[in-house]
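# Commentary on secondary and tertiary structure
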Amino acid sequence: MAIITVGDVDLFYEEAGRGPGLVLVHGSWVDHHEWDQMVPLLAGHFRVVSYERRGHSSSSAPDRQGSIREDVEDLFGLIRLLGLDPAVVVGNSFGGLVALRLAAAHPEVVAAIVVHEPPGLGLLADDPVHAEVLQGFTARVGEVAATLKAGKYAEGAELFVDSIALGPGSWERLPVTQQETFIRNAPTFLDELGDPDSLTLDLGQLQNYTGPVLLTQGDQSPPMFAAVLDRIHGALPHAQRLTCSGAGHIPHLTHPQDYAESVIKYAVQDDGAS
């Protein structure tokens with residue numbers, strides 16, 4: 001267990017292995033334990049750091065509205081202070097947006113990025129093909145937000161998991177410890193929703209990043225994630241795409257061996273070629 005101060009927050013992190021730096025960036029509601037199955041698989045090739053984004057579990061946060069820009073600067077500071085740069089940055093879901101924004105804003109600290117299904121729904125806002133899907137998603141998010149604002153964190157977490165993230169009945173199948181993490185970090189989801197820029201991405205700025213990129217998706221995931229990746233791929237035509245067979249939104253939990261092998265194959269190859 002370790003704590004590092006980055007700007008105005010204390011970030012919890014753990015590290016394992018030796019070699020080039022690799023940072024794991026978790027998504028909404030969760031914490032560094034999301035990567036517990038992946039870390040030992042990656043540690044034979046990298047110096048792996050898994051950390052908790054501001055406000056999540058053991059990491060601190062100011063008592064005010066936060067922003068994804070702060071998440072990006074936290075990650076930048078973490079990489080620099082730990083001497084990981086340039087690092088491979090692997091992000092899942094909201095963590096994928098943080099990783100992409102880091103590559104756009106601070107490409108000098110990024111050796112490669114691997115992102116799985118970033119929820120950049122703002123990229124689809126002008127696409128009538130996805131209007132109905134986005135309306136349905138917005139309505140479900142609104143239900144979750146209303147439940148959380150009423151102080152019903154457990155109910156809100158269950159509603160998010162079953163109606164948005166993983167599908168009906170998934171909450172009951174989660175380990176109790178993971179359910180507790182969702183409930184504990186419920187306020188962070190409200191904080192993300194309170195940031196108008198949280199689900200957007202400046203594709204023009206992202207085009208300034210010319211390093212290696214792997215965009216992954218699960219073949220069991222909602223099609224809107226593939227549509228978001230299509231937009232990102234359009235801005236980064238050199239990016240590679242990978243569809244994870246049998247997986248959904250969290251391949252690092254459901255298919256850790258396969259996903260770790262994909263990350264290693266891609267990142268080690270690119271590290272050796274650079």
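The following paragraphs examine the structure supplied in this document. (Residues numbered from 1 in each chain as written. Predicted model: local features only at pLDDT ≥ 70, side-chain atom pairs only at ≥ 80, totals over all residues. Heavy atoms only, no water.)

### Looking at the overall build of the protein
Scanning the protein for helices and strands turns up twelve helices and eight strands. Taken over the C-alpha trace, the protein has a radius of gyration of 17 Å; the compact-globule value for 274 residues is 19 Å, and the two agree within 12%. With respect to the three principal axes, the spread of C-alpha positions in the protein is 50 × 40 × 35 Å. The contacts in the protein between residues at least 6 apart in sequence include a share of 74% that link residues at least 24 apart. (Helix = DSSP H or I, 4+ residues; strand = E, 2+ residues; numbered from the N terminus. Rg over C-alpha atoms; globule rule 2.2 N^0.38 Å. Contact = heavy atoms within 4.5 Å.)

### Some points on the pairing of strand β6 (residues 110–116)
Along β6, six of the seven residues are buried, which leaves the element largely enclosed by surrounding structure. Here strand β5 (residues 87–92) pairs with β6 via six bridges, running parallel. The residue bridging Val90 from the neighbouring strand is Val114, located in β6. By the bridge criterion, four bridges tie β6 to strand β7 (residues 213–218) in an arrangement that is parallel. Paired with Val115 across the bridge in β7 is Leu215. (Buried < 20%, exposed > 50% of the residue type's maximum accessible area, 1.4 Å probe, protein only. Pairing = 2+ DSSP bridges.)

### Considerations on the sheet that holds strand β1 (residues 2–6)
A sheet is described by the order of its strands in space; here eight strands give the open sequence β1-β2-β4-β3-β5-β6-β7-β8, paired in mixed fashion. Looking at the sheet topology across the chains shown, the edges are occupied by β1 and β8 (240–244). Recorded for the sheet is a direction-independent mean angle of 25° between the axes of neighbouring strands. As defined by bridge partners, β1 adjoins strand β2 (residues 9–16) across five bridges and the pair is classed as antiparallel. Each bridged residue has a counterpart across the sheet, and for Ile3 the counterpart in β2 is Phe12. (Axes fitted to C-alpha atoms, helices over the stretch in contact; angles between N-to-C directions.)

### Thoughts on helix α10 (residues 223–235)
For α10, spanning 13 residues, the distance from its first C-alpha to its last is 19 Å, which sits close to the expected 18 Å at 1.5 Å a residue. The set of residues buried in α10 consists of Met224, Phe225, Ala226, Ala227, Val228, Leu229, Ile232 and Ala235. Where the residues of α10 are buried, they touch α3 (94–105), α4 (131–149), α9 (203–206), β7 and β8. (Expected span 1.5 Å × (residues − 1).)

### Quick look at the nonpolar core
By size, the foremost hydrophobic cluster in this structure holds 63 residues, and its most contacted members are Val23, Trp29, Leu75, Ile79, Leu102, Phe182 and Ile232. Discounting residues that sit within four places of it in the chain, Leu75 has contacts with Val23, Val25, Tyr51, Val89, Val98 and Leu102. Counting 21 residues, the second largest nonpolar core, distinct from the first, contains Leu24, Leu42, Val48 and Ala267. (Core = buried A, V, L, I, M, F, W, Y, C linked by side-chain atoms within 4.5 Å.)

### A word on the packing of aromatic side chains
The description of an aromatic ring pair rests on the distance of the ring centres and on the angle between the ring planes. Counted according to the given criterion, the structure contains five aromatic pairs. Put simply, the rings of Trp29, Phe160, Trp171, Phe182 and Phe189 touch in pairs and so form one group of aromatic residues. (Phe/Tyr/Trp six-rings, centres within 6.5 Å; stacked < 30°, edge-to-face > 60°.)

### A few points about the pattern of salt bridges
This structure, assessed with the given rule, holds 14 salt bridges. Residue Arg47 pairs with Glu15 through a salt bridge whose shortest N-O separation is 2.8 Å. Remark: Glu15 occurs in strand β2 and Arg47 occurs in strand β4 (residues 47–51); sequence separation between them is 32 residues. Its salt-bridge partner being Glu192, residue Arg53 comes within 3.0 Å of it at the nearest N-O pair. (Salt bridge = Lys/Arg side-chain N within 4 Å of Asp/Glu carboxyl O.)

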